[in-house]
Amino acid sequence: MSDAYLHPPWKDLNRQHQAVTFGMWVFLASEVLLFGGLFAGYTIYRDLYSRGFLAAGHQTSIVFGTINTAILMTSSLTMAVAGRAARAALLRTARLMLMATFFLGVLFLILKGFEYREDIQKGLFPGHGFPLTAAGAQIFFSFYWVMTGIHALHVTGGLAAVLRLIIASARNREWLAGSTSEEATALYWHLVDVIWIILYPLLYLAGRVNG
Amino acid sequence: MVEKDRSRSDLQKIWLKPLLTWTCLCLLLTATCALAYVPMGPGNLPVSLLIAAIKAGLVGAVFMRLAEDAPLNRLAASAGPIWIFILFVLMGTDYFTR
Amino acid sequence: MNGPIPVGRPDYLRDGSTLRSWLFTTDHKRIAILFAIAITFFFFVGGAAITIVRMELVTPAGDLVSDDTYNKLFTIHGIIMVWFFLIPSIPATLGNFLLPLMIGAEDLAFPRINLLSWYLYMAGASFTLAMLVLGGVDTGWTFYTPYSTMFSNGAVLVAAGGVLISGFSSILTGVNFIATTHTLRTPGMTWFRLPLFVWAMYATSLVMVLATPVLAMTLVLVMAERWLGLPFFDPSRGGDPLLFQHLFWFYSHPAVYIMILPAMGVVSEIITCFARRRLFGYSFMVYALVAIAVIGFFVWGHHMFVSGQSAYANLVFSFLSFMVAVPSAIKVFNWTATLYRGSITFEAPMLYAFGFLGLFTIGGLTGLFLATVPIDIHVTDTYFVVAHFHYIMVGGAVSAYLGGLHYWWPKITGKRYPEAWARFAAILMFFGFNLTFFPQFVMGYLGMPRRYHVYPPEFQVYHVLSSGGAAVLGAAYLLPLAYLLVSLFTNERAGPNPWHAKGLEWQTTSPPPRLNFDRQPIVPNVPYDYHPKGGPVEREETANGDAA
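Predicted model, so just to flag it, every value in this text is computed and none were measured.

## Re the overall build of chain A
- Counting its secondary structure elements, chain A contains 7 helices and 0 strands.
- Projected onto its principal axes, the C-alpha positions of chain A cover 65 × 30 × 25 Å.
- Looking at the 211 residues of chain A, the share that counts as buried comes to 65%.
- Summarising the internal contacts of chain A: among those between residues at least 6 apart in sequence, 79% fall at separations of at least 24.
- Of the accessible surface of chain A, which amounts to about 7,600 Å², a share of 62% is contributed by carbon and sulfur atoms.

This is the structure:
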């Protein structure tokens, strides 16, 4: 069975697994730095325009934001359980948990869509008709759109990877027990959650204090 | 051995730690959300980021299995945050001394 | 060479000859060739752009092309040469080909990701070609805001998009190389027995993985501001153009180390072989590579000394820029020391390596001048800077690339190149290069600004010398293109180890089979085992390096 999951040049499934996991961690370092530039820019401007950033932050939807955070955290839970189940050869549980992860991810994107619609209706896209006049408020929302947009792209990519796991394990009941890519996909998904965990206070908790 | 026959302890093994971690994450989420409404002046941002860091750490240590994983993976995982730190510090030599 | 070749076993070039077998290959050696063809094409496109620039600069008046066209030409030259030639050059061609061979592996850790890396490069390259068709870009390769985001009329989005996509090619190559080096070394190949070329690929990969994403995001912000009007760098809406510069140079300074670290790896391979010496100070050479890679991340502000950033930042970045020169200097000293008591021969690869030593040293020293804030203020945005980076990137990196190409040509193609032509081209190149760029140091110091279409007549003599040199240089580059291609069709086949070099890649046939080795290669106890420790050099070969 194990030979079917071997990819050249690997001769040993364990070593392939170690390499794939390690390779994904290296890739995740690059993903962290991708968002790092955004974090740095946000920090600079928040320091420069704290009033404007707080005024702007007040306008994001704490309800959508917090619910989405909870959704992603839960999807991380289901993803983690899926991995543990796969390693314990509880393959049906693993597949169910992967499907739950996928479902929660899609839910995240749907809610994000509704949130974006609400934001646009409130005129929160920088440019003509932007409701806030405080200096830096527009810049806050520049970061909001790019940060959440790029994050959403990553969620989409992650969902595609999770879907691939679901389809492969549907075709072959034993697939999750032998494949080395489940853990890599899980790591990617967890990173998407971690990025959001950091975006949440930056974009949703600013300016909540009244006055 | 059919999956249905697997003992409760197996299921417990795969669910217990993640569920515990998830519970902590939910509590921290509640805390950070609530604290955002507490006036702390400039302290609000650092507090929320600290909580975010703890949450990220939990996800990393438990869900991403860094706590039990090879040291090499921990090293790779630390590279991102360390390099972001470098970006912040050296950009700071400009922005915070202007 | 370990034992006889299995009968009827094809080499990797003949193992499948359909287009499909090339475009869907996962063989790192074929992917290396795919990259080589692509970057060679772009080298000459970027070269064509600058040929027109140098023709224009022969006269002080702007009489060959318009201002706008001139700006587009030097921009295109920069974008293509940096991202579509230099950054991938050694890693994606020689690195891809040699890394698995040098560690005794069958392929890279993730062969399909390797192919994806090439397709991403080609996608980015397509954007760049589209940019050319759409009329080009005039922002300079540095895309400074707010000009690029708000005022330029060029195809900025397309250009930025192309660079963005090619960046992911870089990142994936880096991930692949790091994972490969950690996990696929053959038994006996410990870290401190690795060839320096492998260490160089590893250090370069660290930079590729950690720096490139920041560029990607910076370009996203530029595109977002230009296309969607989102303020990031627009001063009238509170943006800071310097934020762009910080983020851009956070990548673009380490990027120059992506270009030079592989070159340093190549030079270590060539010098040891053609001096028949062990590498002097192997461990320090390794530490120096890693130190350059790491400290290289701390110095980007030296591109911004006159930008308006804080004087304290200038101080910090100047000091750190001095620090990064130290490991580079250690390497130059160690290469020189490697030559001592060596039995040196002057085949083309060695000529390129010698050229590298001299030209990289000049480039590096002038870097120290630029790291000194008062001097930099004087020569910023002049030809002094242009000369400095061309000494390193062309005199250094391109010399090393060509040296490596010649050195490993027999291994890659199974053919010998014509040695006389190659030596002639190397010497012509050295001469043409210095004629092109040394006058630029002088005129830069005297005040000739860079990127200027029209200039005061007192600088004309320098420009004429420089353009004359460029013509020689161009001819010198065309020579290898010609004779290397011709060599593919001659009958003179290369043996497995025409240079009698050490290194696992020489323990297999030329060209190697699909899976690299017919038999497990034998790892020597010591890298560069060209002579017994402390002992005299013994030469078994005739004067020109062939087997006795």
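## Thoughts on the interface of chain C and chain B
- The interface of chain C with chain B comprises 19 residues on the first partner and 12 residues on the second.
- In this structure, the connection of chain C to chain B is made through 1 salt bridge.
- Between the two partners, chain C and chain B, sit 6 residue pairs in polar contact (both at pLDDT 80 or more).
- Among the elements of the structure, α8 (241–275) and α10 (311–339) of chain C are those that each provide at least two residues to the side of chain C that touches chain B.

## Some points on the confidence of the model for chain C
Residues and elements named next belong to chain C.
- With 96% of its residues at a pLDDT of 70 or more, chain C has an overall mean of 95.
- Long-range and interchain partners of residues 541–548, a stretch whose pLDDT sits below 50, account for 14 contacts in this model, where long-range means more than four residues apart.
- For this predicted complex, the interface score ipTM comes out at 0.96, while the overall pTM is 0.96.

## Describing the nonpolar core
- Core analysis: the largest hydrophobic core is formed by 297 residues, its most contacted members being W83, W335, F356, Y407 and W408 of chain C.
- Residues within four places of W408 of chain C in sequence aside, it is in contact with L94, L98, M102, F197, V266, E269, E505 and W506 of chain C.

## Observations concerning the interface of chain B and chain A
- Taken together, the contacts link 46 residues of chain B with 50 residues of chain A.
- The junction of chain B with chain A conceals about 4,200 Å² of combined surface from both sides, 77% of it contributed by carbon and sulfur atoms.
- Linking chain B with chain A are 1 salt bridge, by the criterion used here.
- One salt bridge connects E183 of chain A with R65 of chain B, and the closest N-O pair in it is separated by 3.1 Å.
- Counting across the chain B and chain A interface gives 3 residue pairs in polar contact (both at pLDDT 80 or more).
- Contributing elements (two or more residues each) for the side of chain B that touches chain A: α1 (8–35), α2 (44–63) and α3 (71–95) of chain B.

## Some points on the packing of helix α13 (residues 383–413) of chain C against helix α15 (residues 460–487) of chain C
All names here are of chain C.
- Contact geometry of α13 with α15 gives a least axis separation of 13 Å together with a crossing angle of 15°. In terms of their interaxial angle, α13 and α15 are classed as roughly parallel. Of the two elements, α13 crosses α15, and the hand of that crossing is left-handed. Together, Y383, V394, V398, L402, L405, H406 and W409 of α13 and H463, Y477, P480, Y483, L484 and S487 of α15 make up the contact between the two elements.
- For the contact of α13 with α15, the per-class residue count stands at 10 nonpolar, 3 polar and no charged.

## Let's talk about the packing of helix α2 (residues 28–56) of chain C against helix α3 (residues 67–103) of chain C
All names here are of chain C.
- Running from amino to carboxyl end, α2 crosses α3 at an angle of 155°, the nearest separation of the two axes being 8 Å. Put simply, α2 runs roughly antiparallel to α3. Crossing geometry of α2 relative to α3 is assigned as left-handed.
- In the contact of α2 with α3, the residues fall into 25 nonpolar, 7 polar and 2 charged.

## Things to note about unusual backbone geometry
- Following P8 of chain A, the chain continues into P9 of chain A via a peptide bond in cis, with omega recorded as 5°.
- Looking along the chain, the bond that leaves S510 of chain C and enters P511 of chain C is cis, with omega of -5°.
- Inspection of the secondary structure assignment puts P511 of chain C in the segment after α15.
- The phi angle at D381 of chain C is positive, at roughly 60°, despite the residue not being glycine.
- Following the sequence through the fold, D381 of chain C ends up in the loop between α12 (373–379) and α13.

## Notes on the side chain of T139 of chain C
- Here T139 of chain C shows up in the loop between α4 (111–133) and α5 (147–151).
- The contact partners of T139 of chain C, leaving out residues within four places of it in the chain, are T75, Y144, Y147, S148, S152, V156 and R451 of chain C.

## Some words on the state of the cysteines
All names here are of chain B.
- If you walk through the whole model with that rule in mind, you get 0 disulfides over all chains.
- Its sulfur unpaired, C26 is 9.4 Å from the next cysteine sulfur, which belongs to C24.
- Overall, C26 belongs to the partly exposed group, its relative accessible area being 22%.
- No disulfide involves C33; its sulfur sits 12 Å from the nearest other cysteine sulfur, which is in C26.

## Thoughts on a nonpolar patch on the surface
Residue and element names in this part refer to chain C.
- Side chains of L478, L481, L485, L488 and F489 sit close together on the surface and give an oily, nonpolar patch of about 490 Å² of accessible area.
- Mapped onto the fold, F489 is located in the segment after α15.
- Since its relative accessible area comes to 71%, F489 is described here as exposed.

## Observations concerning the environment of D529 of chain C
- Within the secondary structure, D529 of chain C sits in the segment after α15.
- Within the structure, D529 of chain C has its side chain in polar contact with the side chain of R278 of chain C (distance 3.2 Å).

## Here we look at helix α4 (residues 91–121) of chain A
- The first and last C-alpha atoms of α4 of chain A sit 45 Å apart over 31 residues, in line with the 45 Å expected at 1.5 Å per residue.
- One or two steps after α4 of chain A, the chain reaches G123 of chain A, where phi turns positive at roughly 75°.

## A short note on the pattern of salt bridges
- Summed over the entire model, instances satisfying the criterion amount to 14 salt bridges over all chains.
- Between D11 of chain C and R14 of chain C there is a salt bridge, with its nearest N and O atoms 2.8 Å apart.
- The class of R14 of chain C is partly exposed, set by a relative accessible area of 47%.
- Shared partners join several salt bridges into a network, and the residues in it are E183 of chain A together with R65 and E68 of chain B.

## What about α10 of chain C?
Residues and elements named next belong to chain C.
- End to end, α10 covers 43 Å across 29 residues, agreeing with the expected 42 Å (1.5 Å per residue, within 8%).
- By the N-cap criterion, in which a side-chain oxygen at the helix start approaches the backbone nitrogen of a residue two or three places on, α10 is capped by S310, the distance to Y312 being 3.0 Å.
- R341, located one to two residues past α10, shows a positive phi value of around 60°.

## Here we look at the packing of aromatic side chains
All names here are of chain C.
- Scanning the entire structure with this criterion turns up 67 aromatic pairs over all chains.
- Judged by centre distance (5.3 Å) and plane angle (50°), the ring pair of W191 and W199 falls under tilted.
- A relative accessible area of 8% places W199 in the buried class.
- For the pair F356 and F360, a centre-to-centre distance of 5.2 Å together with 10° between the ring planes defines the contact as stacked. Placement of both F356 and F360 in helix α11 (residues 348–371) is noted, with a separation of 4 residues, approximately one turn of the helix.
- You can call F356 buried: its relative accessible area is 0%.

Conventions and cut-offs
Within every chain, residues take consecutive numbers counted from 1 along the sequence as written. To read the labels, note that chains go from A and ligands from 1, taken in the order they are written. With the structure being a predicted model, the display of local features is reserved for residues of pLDDT at least 70 and the display and counting of side-chain atom pairs for 80 or more, all residues being used for whole-chain, interface and lining totals. Heavy atoms from the whole structure form the basis of all side-chain values; hydrogens and water molecules are not counted. Only DSSP runs of H or I with at least four residues qualify as helices, and only runs of E with at least two residues qualify as strands; both kinds are numbered from the N terminus onward. Each residue gets one of three labels from its accessible area relative to the maximum for its type: buried under 20%, exposed over 50%, partly exposed in between, using a 1.4 Å probe on protein chains only. By the convention used here, residues are in contact when the closest approach between their heavy atoms is within 4.5 Å. The protein chains shown are the only cover counted for residues, whose accessible areas, like all others here, come from Shrake-Rupley with a 1.4 Å probe. What makes a salt bridge here is a side-chain nitrogen of Lys or Arg within 4 Å of a carboxyl oxygen of Asp or Glu, nothing more. Here a polar contact means two N or O atoms within 3.5 Å. Within protein one must be a hydrogen donor candidate and the other an acceptor candidate, and residues neighboring in sequence count only if both atoms are side-chain atoms. The quantity known as pLDDT measures the predictor's confidence residue by residue, on a range of 0 to 100. In these notes, a set of buried Ala, Val, Leu, Ile, Met, Phe, Trp, Tyr and Cys residues joined through side-chain atoms within 4.5 Å is what counts as a nonpolar core. Two parts lose some accessible area (1.4 Å probe) when they are put together, and adding that loss for both gives the buried area. Every axis in this analysis is a line fitted to C-alpha atoms, fitted for helices over the stretch in contact. Angles between the N-to-C directions lie between 0 and 180 degrees. Here the angle decides the label: under 35 degrees means roughly parallel, over 145 means roughly antiparallel, 65 to 115 means roughly perpendicular, and every other value means oblique. Two helices that cross are described as forming a left-handed crossing if the nearer one is turned anticlockwise from the farther one by less than a right angle, and a right-handed crossing if clockwise. Gly is placed with the polar residues, together with every amino acid not listed as nonpolar (Ala, Val, Leu, Ile, Met, Phe, Trp, Tyr, Cys and Pro) or charged (Asp, Glu, Lys and Arg). Only a pair of cysteine sulfur atoms within 2.5 Å qualifies as a disulfide here. Residues enter a patch when their relative accessible area is above 30% and they make no salt bridge; the linking distance is 9 Å between like charges and 5 Å between nonpolar side chains (Val, Leu, Ile, Met, Phe, Trp, Tyr). Expected helix span is computed as 1.5 Å times (number of residues minus one). Classification of ring pairs rests on two measures: the distance between centres of Phe, Tyr or Trp rings, Trp counted by its six-membered ring, which must be within 6.5 Å, and the angle between planes, read as stacked under 30 degrees, edge-to-face over 60 and tilted in between.

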